[in-house]
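Overview (structure and organization)
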Amino acid sequence: MATSPVSIPNTLAAVQDHTRVFQDLVYVYPVISRRSRGLSIGINLNPDKRCNFDCVYCEVDRRTPGRAETVNLPQLREELAWLVRYALEGGLATQPKFNEVPEMTRVVRDIAFSGDGEPTMVPNFDECVRVAIEVKQEFHLDDTKLVLITDSAGLDKLTVKRGLELMDGSRGEFWCKLDAGTEPYYRRVNRSNVKFERILANLLETARARPIIIQTLFLKIDGTPMPAAELEAYCGRLKDLTAGGAWIHEVHAYTIARPTPEPWATRLTAVELETIAAEVRRRTGLTVQTFD
Ligand code: SF4
């Protein structure tokens with residue numbers, strides 16, 4: 001049974017500061033990620049801030065306008081290669097943001113499709129993956145994972161499926177969101193027009209082909225954690241997926257880390273999160289890691 005990783009405390013400034021803007025780069029940004037256990041280079045495919053979810057806990061500031069509306073592949077390649085080289089040569093280590101963890105900035109643990117929206121919404125996701133793989137190869141980053149952090153709504157698109165297959169051959173890892181066990185709770189937390197059934201079907205199809213990590217944000221709504229019946233339904237969904245042939249490598253359970261626009265959506269305490277995680281382990285038999 002796994003628990004929170006111990007090596008990277010969440011009090012570090014580099015962990016707290018997950019800004020997706022670094023210098024004048026449009027598509028890439030460096031963060032120290034506890035879940036990545038070190039330096040993660042994010043690829044923001046949604047500088048325009050487009051998303052098909054509207055999560056109550058979303059930290060993306062949508063009051064200020066987005067930037068580029070399409071992904072300029074040559075620019076993405078150039079920026080990614082520049083940032084990788086900068087990290088490997090020790091440039092990031094000299095930045096004030098990383099002065100508590102300079103040694104961590106010289107190893108690129110992963111390159112992650114994440115950012116200000118949902119990465120699978122871009123029309124050419126597979127081409128973006130290809131660019132990341134080429135840069136990995138250029139710098140011989142054989143141990144660097146290629147991570148997709150997704151709300152799971154677009155996993156059934158043809159270009160996305162092609163991208164996933166490319167990732168499979170390049171240490172791909174898939175972190176797929178599932179925040180609810182029922183459609184009403186899903187609508188309350190994720191506020192999406194995408195049907196909950198489609199999310200579940202996408203998870204099943206994706207995880208039949210490769211292992212996935214389920215990432216679930218647990219929170220309080222109006223001061224109340226996920227109700228027991230909802231948690232039971234959530235565990236039931238996980239068991240249904242497993243019984244249907246899904247390979248769920250593990251579950252990442254986390255909570256709100258930074259201020260959200262909705263004051264009634266608040267974080268759990270570490271004890272509350274761990275209590276929920278223990279219940280998920282007990283009901284599903286899955287490995288659950290917590291990140292409070
Ligand atoms: S899926 Fe991510 S980017 Fe989209 S609204 Fe939710 S938290 Fe924000």
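Here the structure is a predicted model, which means the values were calculated and not measured. (Residues numbered from 1 in each chain as written. Predicted model: local features only at pLDDT ≥ 70, side-chain atom pairs only at ≥ 80, totals over all residues.)

Peptide bonds are trans in most cases, and residues, glycine excluded, mostly fall at negative phi. One non-glycine residue with positive phi stands out, namely His140, at about 55°. Inspection of the secondary structure assignment puts His140 in the loop between α3 (125-138) and β4 (145-150). The residue Asp222 is not glycine, and still its phi comes out positive at about 50°. With respect to the secondary-structure elements, Asp222 resides in the loop between β7 (220-221) and α7 (228-243). For Asp222, a count of 8 C-beta atoms within 10 Å puts it in the exposed group. (Helix = DSSP H or I, 4+ residues; strand = E, 2+ residues; numbered from the N terminus. Buried ≥ 20, exposed ≤ 12 C-beta atoms within 10 Å, placed from the backbone.)

Turning next to the confidence of the model for the protein chain. Close inspection of predicted coordinates is inappropriate for parts of the model with low pLDDT. On average, the protein chain scores 92 in pLDDT, and the residues at 70 or more come to 92%. Across residues 1-6 the pLDDT falls below 50, and counting only partners more than four positions away or on other chains, this stretch makes 12 contacts in the model. (pLDDT = per-residue confidence, 0-100. Contact = placed C-beta atoms within 7 Å.)

A few words on the sheet that holds strand β8 (residues 248-254). Read from one edge to the other, the open sheet built from eight strands follows the order β1-β2-β3-β4-β5-β6-β8-β10, with strand pairing classed as mixed. Of all strands in the sheet, those bounded by a partner on one side alone are β1 (28-33) and β10 (288-291). Across the sheet, the mean angle separating the axes of adjacent strands is 25° when strand polarity is ignored. Taken together, the six bridges between β1 and strand β2 (residues 38-44) define a ladder with antiparallel strand orientation. Residue pairing for β2: Tyr29 is matched across the bridge by Gly42. Contacting β5 (172-177), β6 (212-217) and β8, helix α6 (residues 196-209) crosses the sheet at an angle of about 160° to β5. Taken strand by strand, helix α8 (residues 270-284) contacts β8 and β10, and its axis lies near 170° from that of β10. (Pairing = 2+ DSSP bridges. Axes fitted to C-alpha atoms, helices over the stretch in contact; angles between N-to-C directions.)

The biggest cluster of nonpolar side chains holds 75 residues, and the ones touching the most others in it are Ile43, Leu80, Cys128, Ala132, Phe218, Ile248 and Ala253. Counting residues per element, this core draws most heavily on α3, at six residues. Setting aside anything within four residues of it in sequence, one finds Ala253 in contact with Thr216, Phe218, Leu273, Ile276, Ala277, Val280, Val288 and Thr290. (Core = buried A, V, L, I, M, F, W, Y, C linked by C-beta atoms within 7 Å.)

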